[in-house]
Amino acid sequence: MKNNFWEVLTLEEMTRTQWESLCDNCGRCCLHKIEDEDTEEIYFTDVACQYLDVETCQCPHYEMRQSFVPDCLTIYPDWGKKFNWLPASCAYRLLSEGKPLFDWHPLISGNVDSVHLAGISVRGRTFSDEEVAAEDIYKHVITWVD
Ligand code: SF4
Ligand code: SF4
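Rules used throughout
- Residues numbered from 1 in each chain as written.
- Chains lettered and ligands numbered in written order.
- Predicted model: local features only at pLDDT ≥ 70, side-chain atom pairs only at ≥ 80, totals over all residues.
- Heavy atoms only, no water.
- UniProt positions renumbered as here; feature names shortened; annotations may be inferred.
- Phe/Tyr/Trp six-rings, centres within 6.5 Å; stacked < 30°, edge-to-face > 60°.
- Helix = DSSP H or I, 4+ residues; strand = E, 2+ residues; numbered from the N terminus.
- Buried < 20%, exposed > 50% of the residue type's maximum accessible area, 1.4 Å probe, protein only.
- Salt bridge = Lys/Arg side-chain N within 4 Å of Asp/Glu carboxyl O.
- Pairing = 2+ DSSP bridges.
- Lys, Arg positive; Asp, Glu negative; His and termini not counted.
- Contact = heavy atoms within 4.5 Å.

By the naming in an unreviewed UniProt entry, the protein goes by UPF0260 protein BSEPE_0256 and is assigned to endosymbiont of Bathymodiolus septemdierum str. Myojin knoll. Among the UniProt annotations of the protein, the heading Sequence similarities (unreviewed entry) holds the following wording: "Belongs to the UPF0260 family."

**A few points about the packing of aromatic side chains**
Summed over all chains, the structure comprises five aromatic pairs. When the ring of Tyr-51 is compared with that of Phe-68, the centres are 5.2 Å apart and the planes differ by 70°; the resulting orientation is edge-to-face. A residue pair is termed long-range when its members are at least 10 positions apart, and Tyr-51 in the loop between β2 (42–48) and α3 (65–68) and Phe-68 in helix α3 qualify at 17 residues. The class for Tyr-51 is partly exposed, based on a relative accessible area of 27%.

**Points about the pattern of salt bridges**
Should the charged atoms of two oppositely charged side chains come close, the side chains can pair. Evaluation of the coordinates by the stated rule reveals eight salt bridges. For the salt bridge of Lys-81 with Glu-40, the shortest nitrogen-to-oxygen distance reads 2.9 Å. Placement of the pair is Lys-81 in the loop between α3 and α4 (91–96) and Glu-40 in the loop between β1 (31–35) and β2, with a sequence separation of 41 residues. Lys-81 sits in the exposed class, given a relative accessible area of 61%. Classification of Glu-40 as partly exposed rests on a relative accessible area of 45%. Between Glu-97 and Lys-99 there is a salt bridge whose closest N-O contact spans 3.1 Å. Looking at Glu-97, the relative accessible area reads 34%, which means it is partly exposed.

**Observations concerning the pairing of β1**
By the bridge criterion, four bridges tie β1 to β2 in an arrangement that is antiparallel. Bridging across to β2, Lys-33 finds its partner in Phe-44. Hairpin connection from β1 to β2: six residues lie between these consecutive antiparallel strands, with Glu-40 at a positive phi of about 65°.

**What to know about the side chain of Arg-65**
Take Arg-65: it is sitting in helix α3. We note that Arg-65 is buried and unpaired, the nearest opposite charge coming from Glu-63 at a distance of 5.7 Å. In contact with Arg-65, other than residues within four places in its own chain, are Cys-59, Cys-72, Leu-73 and Thr-74.

Okay, here's the thing in structure tokens:
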């Protein structure tokens, strides 16, 4: 029987608190991405936004983040194809695709560290975009995300 809110509600039906709790704080969406213009394929790099807290993998300026990074994304339930900009492990993308959350998701494990323990978060694996030149970013494409 389904009774967890993320199993019975659509993304549109969730409260703000429920919506925010879907974020597992993996930090993957704060990695710079490269898009192949021909195929529209997205490649993740290990270059993270300079504001990302690399220990907690959270944004210290979350509520004001667009003041720091104007093109920082805000995820919306009706994002459609744009969910592809999120990693395949992201709860928002998974639910938008009708897929279940993984066991390591803190909502299921009950442990906020499970995303780190499962090796999903970016903790300890990134460079700051302050230390990588824009023309070198293609050298930082990674395979451990998608
Ligand atoms: S990728 Fe998804 S789950 Fe991970 S930090 Fe970003 S919004 Fe949260
Ligand atoms: S401003 Fe915050 S949420 Fe946006 S990319 Fe940077 S660390 Fe991530």
